[in-house]
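Report on the structure
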Amino acid sequence: MERTSEMPDVLKRTQSGSDMASGMSQSTIAQKTWELSNNITSVHALDEIYQYDPKQQQDILDAKPWDKDPYFFKSIKISALALLKMVMHARSGGNLEVMGMMLGKVDGATMIVMDVFALPVEGTETRVNAQSQAYEYMSTYVNAAKEVGRQENVIGWYHSHPGYGCWLSGIDVGTQQLNQNYQEPFVAIVIDPIRTMSSGKVNIGAFRTYPKGYKPPDDGPSEYQTIPLHKIEDFGVHCNQYYSLEVSYFKSALDKRLLDSLWNKYWVNTLSSSSLLTNAEYTTQQIVDLSDKLETSDPVSSRALVTQLDSGDKKGEDKLSRVTRDSCKTTMEVLHGLMAQVIKDRIFNQVTKVGAPPQQQCATEAASKSLDDVAMEEKTAEA
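The rules we used
The written sequence of each chain sets the order in which its residues are numbered from 1. This being a predicted model, a pLDDT of at least 70 is required before a residue's local features are given, and a value of 80 or more before pairs of side-chain atoms are given or counted; all residues contribute to the totals for chains, interfaces and linings. With hydrogens and water excluded, all non-hydrogen atoms of the structure serve as input to the side-chain values. A patch consists of residues exposed above 30% relative accessible area that lack any salt bridge, with like charges linked at up to 9 Å and nonpolar side chains (Val, Leu, Ile, Met, Phe, Trp, Tyr) linked at up to 5 Å. Computed with the Shrake-Rupley method and a 1.4 Å probe, the accessible areas treat only the protein chains shown as cover for residues. Salt bridge, as used here, is a side-chain nitrogen of Lys or Arg placed within 4 Å of a carboxyl oxygen of Asp or Glu. Secondary structure counts use DSSP, requiring at least four H or I residues in a row for a helix and at least two E residues in a row for a strand, with both numbered from the N terminus. When a residue's accessible area, from a 1.4 Å probe over protein chains only, is under 20% of the maximum for its type it is buried; when over 50% it is exposed; and in between it is partly exposed. Two strands form a pair only when DSSP identifies at least two bridges running between them.

Here's the deal with a nonpolar patch on the surface
A contiguous nonpolar patch, built from Met332, Leu335 and Leu338 and spanning about 250 Å² of accessible area, is present on the exposed surface. Its place among the elements puts Met332 in helix α14 (residues 319–348). On the basis of relative accessible area, Met332 is assigned to the partly exposed category, the value being 41%.

Structure follows, in structure tokens:
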């Protein structure tokens, strides 16, 4: 996950030597920045959120308040450890979808995710298929967790949508409805690892489906997100069959050792990768998708766009204005990737010895080209 806001901080601290004075490493600074970007709040280790009361959970299961109110669950809290594990798992899948399960509990109208684990499933670019081996693995994992004192039950599932946003497809809606019928309380989480790398902030959504036959009230347009043209029909057909939950994150001192261990691996992977190369195919698809959307837009959209901008009518936003927004977003992501590459090159590839003669400095700079720069030049030459 590339953070352009992280890199300038690293550069400034590297040049000034303030890291040594403050005792904070570059990895720690990046971790703090990541936590601030995703609004991760700290709670006390003895906070009630870490306590598991079997009787309380059983009472909630017996009452089944979600049967009376389709909107009963309104928010979800995710531990920073679980969030990082989901992001790393999603990134490891590349352009293929991955899937995992979440362990947690319920606190009133809030679902709490304490931990997650990946499932050994077969993924494609559009779906994941859970076979009997995955269900057997899930059962074994949950039983093993209880043996070591983790009493939380499976509270939902997560999967990735590489490059096409966080929403539920028709298959996802069917899977979630089945789970809610037999395994309540249950929630579905979707993560887009490619957009996460491009923007630097975790692209995530949490959803629950409505009961069959339920018609939700028209609350107006939801928050806009970029949907590829070939996915718009699937999105539009099923978007009224589920609703999203407000997502927040938390951590405590209990998570520190595990979080630091995972972060070190994540930070190395981030530094050694380039969003320009990793997301090259995604960026190309975005541009092609923008071109297709422009071709399908109404010829009079340009005049309508000016009128809407003057009136501030967001509800009547037309296709052309959405394409304009998507193109700006894609441009900013590419610029962020370029800035990150320049900063990393400045930090890691242009380090010269203090007091070295000019000839040696020139030789050092000439020999310090990164593998990413070489790969980028090769791609430019091929183009």
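Past the structure itself, the notes keep going.
A closer look at unusual backbone geometry
Between Glu184 and the following residue, Pro185, the backbone shows a cis peptide bond with an omega angle of -5°. Locating Pro185 in the fold gives a position in the loop between α7 (170–182) and β8 (187–191). Despite not being glycine, Asn39 shows a phi value in the positive range, around 55°. Looking at the element boundaries, Asn39 is found in the loop between α3 (26–37) and β1 (40–42). Assessed through its relative accessible area of 54%, Asn39 is described here as exposed. In this structure, Lys64 takes a positive phi of about 45° despite not being glycine. Structurally, Lys64 is set in the loop between α4 (54–63) and β2 (75–79).

Overview of the pairing of strand β10 (residues 242–251)
Pairing geometry for β1 and β10, over 3 bridges, is parallel. Looking across to β10, one finds that Ser42 is bridged to Lys251. In the sheet, β2 pairs with β10 via 5 bridges, with the strands oriented parallel. Opposite Ser79, over in β10, you have Phe250 as the bridge partner. Here 4 bridges tie strand β9 (residues 204–209) to β10, and the two strands are oriented antiparallel to one another. Note that in β10 the partner of Phe207 across the bridge is Ser244.

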